[in-house]
Amino acid sequence: MPELPEVEALAAYLRDRAVGHRVQRLEVSAISALKTYDPPPSAVAGKEIVGAGRHGKFLDVSFSSGQPGEGDIHLVVHLSRAGWLHYRDSFPGAAPLKPGKGPIAVRVRLDDGSGFDLTEAGTQKRLAAYLVTDPALVPGVAKLGPDPLSADEATFASAVKSRRGQIKGVLKDQAVLAGIGNAYSDEILHAAKLSPFAMSDRLTDAQMTTLYETTQTVLNDAVSRSVGQKAAELKGEKRSGMKVHARTGLPCPVCGDTVREVSFADSSLQYCPTCQTGGKPLADRRLSRLVR
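Residues numbered from 1 in each chain as written. Predicted model: local features only at pLDDT ≥ 70, side-chain atom pairs only at ≥ 80, totals over all residues. Heavy atoms only, no water.

Caption draft 1: Structural view of the overall build of the chain. Of regular secondary structure, the chain possesses eight helices and twelve strands. For a compact globule of 292 residues, the expected C-alpha radius of gyration is about 19 Å, and the chain comes in at 21 Å, within 12% of that figure. Based on the C-alpha atoms only, the size of the chain along its principal axes is roughly 60 × 35 × 30 Å. Looking at the chain residue by residue over its 292 residues, the buried ones come to 49%. In the chain, 64% of the contacts between residues at least 6 apart in sequence involve partners at least 24 apart. Accessible area of the chain: about 13,500 Å², with a carbon and sulfur share of 51%. Averaging the locations of the 37 positively and 32 negatively charged side chains of the chain gives two centres separated by 9 Å. (Helix = DSSP H or I, 4+ residues; strand = E, 2+ residues; numbered from the N terminus. Rg over C-alpha atoms; globule rule 2.2 N^0.38 Å. Buried < 20%, exposed > 50% of the residue type's maximum accessible area, 1.4 Å probe, protein only. Contact = heavy atoms within 4.5 Å. Areas by Shrake-Rupley, 256 points an atom, 1.4 Å probe, with all protein chains shown as cover. Lys, Arg positive; Asp, Glu negative; His and termini not counted. Charge placed at Lys NZ, Arg CZ, Asp CG, Glu CD.)

Caption draft 2: Fine view of the nonpolar core. In terms of nonpolar packing, the biggest core is built from 37 residues, with Leu-14, Leu-26, Ile-49, Leu-75, Val-108, Phe-116 and Leu-118 touching the most fellow members. No other element matches helix H1 (residues 4-17), which puts six residues into this core. Core analysis: the second largest hydrophobic core is formed by 26 residues, Leu-4, Ile-180, Leu-189 and Ala-222 among them. (Core = buried A, V, L, I, M, F, W, Y, C linked by side-chain atoms within 4.5 Å.)

Caption draft 3: Representation of the packing of aromatic side chains. Enumeration according to the criterion identifies two aromatic pairs in this entry. Where Tyr-13 meets Tyr-87, the ring centres are 5.8 Å apart and the plane angle is 80°; that geometry is what we call edge-to-face. One end of the pair, Tyr-13, is in helix H1; the other, Tyr-87, is in strand E5 (residues 83-88), with 74 residues separating them in the sequence. Residue Tyr-13 is classed as buried on the basis of its relative accessible area of 16%. When the ring of Phe-156 is compared with that of Tyr-212, the centres are 5.4 Å apart and the planes differ by 65°; the resulting orientation is edge-to-face. On the criterion of sequence distance, the pair formed by Phe-156 in helix H3 (residues 153-161) and Tyr-212 in helix H6 (residues 205-226) is long-range, its members being 56 residues apart. The class of Phe-156 is buried, set by a relative accessible area of 0%. A relative accessible area of 15% means that Tyr-212 is categorised as buried. (Phe/Tyr/Trp six-rings, centres within 6.5 Å; stacked < 30°, edge-to-face > 60°.)

Caption draft 4: Representation of the side chain of Arg-54 within the structure. Tracing the backbone through its elements, the reader meets Arg-54 in strand E2 (residues 48-55). Taking relative accessible area as the criterion, Arg-54 reaches 17% and is therefore assigned buried. There is a polar contact of 3.0 Å between the side chain of Arg-54 and the side chain of Glu-8. Beyond its immediate stretch of four places on either side in the chain, Arg-54 contacts Leu-4, Val-7, Glu-8, Asp-60, Asp-147 and Leu-149. (Polar contact = N/O pair within 3.5 Å; in protein donor to acceptor, adjacent residues only side chain to side chain.)

Caption draft 5: The arrangement of the sheet that holds E5 in detail. As summarised here, the arrangement of the four strands in space is E1-E6-E7-E5, forming an open sheet in which the pairing is antiparallel. Among the strands making up the open sheet, the edge pair consists of strand E1 (23-28) and E5. For this sheet, the mean inter-axis angle between neighbouring strands, taken without regard to orientation, is 10°. (Pairing = 2+ DSSP bridges. Axes fitted to C-alpha atoms, helices over the stretch in contact; angles between N-to-C directions.)

Caption draft 6: Examining the environment of Gly-179 more closely. Of note, Gly-179 is situated in the loop between helix H4 (167-172) and helix H5 (182-192). As a C-alpha pair, Gly-179 and Ala-45 span 134 residues in sequence and 30 Å in three-dimensional space. Beyond its immediate sequence surroundings of up to four residues, Gly-179 is in contact with Glu-3, Leu-4, Gly-56, Lys-57 and Gln-174.

That is the geometry; function is a separate question.
Take a look at the structure:
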């Protein structure tokens, strides 16, 4: 799933390529992907793309007519697990997309013949797009906690302490902190030398400071590596920067111990026993016993 660094990079890419162009038309192929009906897709035709940003993992593309009294319209998108953005220098034809055909959910055609597709692979269609006059009208955006890259340490600590639970789950909770998912929570906890099962309300002040600082470092480093990359290269860039996530069985690049995994019903986490748990393997929930 694209997380904060990848969505920030996609927004930066659109700011570079799409801002300043006017929309020829917005086409919706996957009807279930568009979660709103007012304003309609036709409302953005002729409007200029004036910005691209993010709210946590939500991408936000803003359109303006430039006319006094007319507010901006925002295309807010959550890419979910299998969604992505593909920028096209040109499209193979002018015919509108056929509903329900192929992986393309939404297409935005621009005045110079270029544009971008929002696609989703697989059969579980969870990509969600919203056309709204205010991003806060999107339920998921309205519930977001503070952004970890703009929060100061006190705000960060207050957010983490607001929910009692295993720190891995707390970091992934979008109502606590916006934009951190399964991959970067693994990386942050590895860098902070914290067990993913550590309880959020039992962290010492020193541990909280380390967690804040490593969150800043891991996410800022990932953003720095990602921004400037082409959209098609971002997934590979994300994988190349991981030290423990998705590296089960490989040596930890810090200490050389074997990276371990704990699996759940629909997800898994990776960690280094030496760096994070005092050398002790954590209980794998699939087995309900210690991995030995």
